[in-house]
Amino acid sequence: MITAEDTLKAIESSVLEGSRDDHRNHLGGSIIGDECERKLWYVFRWGMKTQFPSRILRLFARGQREEDVFNDLLRKSGITVWDVDADTNQQFSVSEVGGHFGGSLDGFLMGVPERPKEPMVSEQKTHSDKSFKDLQRRGAAASKPIHWAQMQIYMFLTQDVSVALYQAVNKNDDSLHFEIVELDEEMGDRLLKKAHRIIASDRPSFRISEDSTFYLCKMCDFHALCHGTTTPEFNCRTCIHSTPVIEGEDGLWMCEFHDRSINQAAQINACDSHRFIPDLLQTWAEPIEVDEETHDISYLTTGNTAQKFTNGEGKGHYLSREIAAAEDYRAIGAEATDALKEMGELTG
């Protein structure tokens, strides 16, 4: 056998280069059912960027392609499918909490045999063999609570639609599982309040577990930020000065320091007035002093050797971009690093 390793590497590279690694501008309904509110706050506040490997990106792409397969099967069976909003020529979407929370629906259905006269939310997912068999055995609410919550919030935010059709395919053998899901209004209300709570908070909630080896924590994309010593990402959403505007519906953010709105491009780039939200550094640094005039925040690192540093723009202080660029937090406030700063040789 002659394997084509170079071809495979070229394909993997092209998938990574073609992927969008930008943060989502809003908190998505597809994840609001996640048990850990702290994780969802990190997502909304762009705490750190997650780079998925090529294989996972290809799985995401396959899931999107399966939507057309599902819709073709539904239409051939006589079910009416609306998968595009005629007003926007895009997917149907829902939005709440000032435009900071919402999601895109796979579509709406009419003529489903179990409820032929009721419009339904359409939700379509792909599954591994193990996941699919568990779904068949226990149903969506128990087996896939995040998917179930996604349908609940979509139904809750969509007027006059109180039923969803959950459609699942086993990627191993193409087996199908279809399930009727009814609106639980109490759950929908709870999920919306949860989204509001996360979006309005200027600091993260408690961890789902203080044990870094807890299974949900070990699998979490934000483990290194929440339990480890990685430095957070440098952008406006990790800054103490930024606030999401809850009123309205445009998903606006305000910078309280510069007294102006900040669009997505500005949020990504940030500025030197950035000061990290202290909770984002709490696994390795403790705030000890705040300058009320400059908003500079002084810290002591909590490792074996406590080192003092200040997050700010003053002489000898560390800009947020410099903190974010540190490969090892122990370099921040170290004598050698301070000397480099003094000589102007430290860049972030």
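Values in this document were obtained by computation on a predicted structure and should not be read as measured data.

Draft legend 1. Spatial organisation of unusual backbone geometry. Even without glycine at this site, N89 takes up a positive phi of about 60 degrees. Examined against the element boundaries, N89 turns out to sit in the loop between β2 (80–82) and β3 (93–96). On the basis of relative accessibility, which here comes to 62%, the residue N89 falls in the exposed class. Its identity is not glycine, yet H295 carries a phi of approximately 70 degrees, on the positive side. You can see H295 is positioned in the loop between β12 (285–290) and β13 (297–301). With relative accessibility at 29%, the residue H295 sits in the partly exposed group.

Draft legend 2. How the structure looks around the side chain of E179. Note that E179 resides in strand β8 (residues 176–182). Although E179 lies buried, it forms no salt bridge, and the closest oppositely charged side chain, R138, sits 11 Å away as judged by the N-O distance. A distance of 2.9 Å separates polar atoms of two side chains, one belonging to E179 and the other to H177. Contact partners of E179, with chain neighbours within four places excluded, come to L135, G139, A140, A164, L165 and Y166.

Draft legend 3. Representation of the side chain of R207. Within the secondary structure layout, R207 lies in the loop between α7 (185–200) and α8 (215–218). With a relative accessible area of 18%, R207 lands in the buried category. At a separation of 3.2 Å, a polar atom in the side chain of R207 contacts the side chain of E210. Within the structure, the side chain of R207 is placed 3.5 Å from the side chain of Q282, a separation counted as a polar contact.

Draft legend 4. Structural context of the nonpolar core. In this structure, L27, I32, F101, V121, W284 and F309 are the most contacted members of the largest nonpolar core, which totals 57 residues. Residue assignment for this core shows that the elements contributing at least two residues are α2 (37–44), α4 (129–138), α6 (145–157), β7 (163–170), α7, α9 (223–226), β10 (253–255) and β13. Setting aside chain neighbours within four positions, we find L27 in contact with I32, L40, F44, H100, F101, G102, A195, I198 and I199.

Draft legend 5. Highlighting the sheet that holds strand β14 (residues 308–311). What the 3 strands build is an open sheet, ordered β12-β13-β14; its pairing is antiparallel. Each end of this open sheet is capped by a strand with a single partner; those strands are β12 and β14. Going from strand to strand, the sheet's axes swing by 35 degrees on average, the running direction of each strand aside. Bridge count for β13 against β14 is 4 bridges, and the pairing is antiparallel. In the strand pairing of β14, Y299 is matched with F309.

Draft legend 6. Structural context of the packing of aromatic side chains. Tallying each qualifying case throughout the model produces 10 aromatic pairs. Taken together, the aromatic side chains of W284, Y299, F309, Y318 and Y329 make up a single cluster linked through ring pairs. Across the ring face of F44, the terminal group of R237 is positioned such that the distance to the ring centre comes to 5.2 Å.

Draft legend 7. Layout of the sheet that holds strand β6 (residues 120–127). With respect to topology, 5 strands assemble into an open sheet ordered β2-β5-β6-β7-β8, the strand pairing being mixed. Taken across any chain shown, the strands that pair with only one partner, and hence form the sheet edges, are β2 and β8. The average angle at which neighbouring strand axes cross in this sheet is 30 degrees, direction not considered.

Draft legend 8. Region of the structure containing the pattern of salt bridges. If you walk through the whole model with that rule in mind, you get 17 salt bridges. Its salt-bridge partner being E118, residue R115 comes within 3.4 Å of it at the nearest N-O pair. Two residues, R275 and D296, come together in a salt bridge whose shortest N-O distance is 2.8 Å. Of this pair, R275 sits in the loop between α10 (264–269) and β12 while D296 is found in the loop between β12 and β13, placing the two residues 21 residues apart along the sequence. On the basis of relative accessibility, which here comes to 2%, the residue R275 falls in the buried class.

Draft legend 9. Local environment of the packing of α2 against α7. Contact geometry for α2 and α7: axes closest at 9 Å, N-to-C directions at 55 degrees. In terms of axis orientation, α2 runs oblique to α7. Relative to α7, α2 is oriented so that their crossing is right-handed. Two secondary-structure elements touch here, α2 through E37, L40, W41 and F44 and α7 through K194, R197, I198 and I199. In terms of residue class, the contact of α2 with α7 is made up of 5 nonpolar, no polar and 3 charged.

Conventions adopted
Residues numbered from 1 in each chain as written. Predicted model: local features only at pLDDT ≥ 70, side-chain atom pairs only at ≥ 80, totals over all residues. Heavy atoms only, no water. Helix = DSSP H or I, 4+ residues; strand = E, 2+ residues; numbered from the N terminus. Buried < 20%, exposed > 50% of the residue type's maximum accessible area, 1.4 Å probe, protein only. Lys, Arg positive; Asp, Glu negative; His and termini not counted. Salt bridge = Lys/Arg side-chain N within 4 Å of Asp/Glu carboxyl O. Polar contact = N/O pair within 3.5 Å; in protein donor to acceptor, adjacent residues only side chain to side chain. Contact = heavy atoms within 4.5 Å. Core = buried A, V, L, I, M, F, W, Y, C linked by side-chain atoms within 4.5 Å. Pairing = 2+ DSSP bridges. Axes fitted to C-alpha atoms, helices over the stretch in contact; angles between N-to-C directions. Phe/Tyr/Trp six-rings, centres within 6.5 Å; stacked < 30°, edge-to-face > 60°. Lys NZ or Arg CZ within 6 Å of the ring centre and 35° of its normal. Parallel < 35°, antiparallel > 145°, perpendicular 65-115°, else oblique. Left-handed = near helix turned anticlockwise from the far one by under 90°. Nonpolar A, V, L, I, M, F, W, Y, C, P; charged D, E, K, R; others polar.

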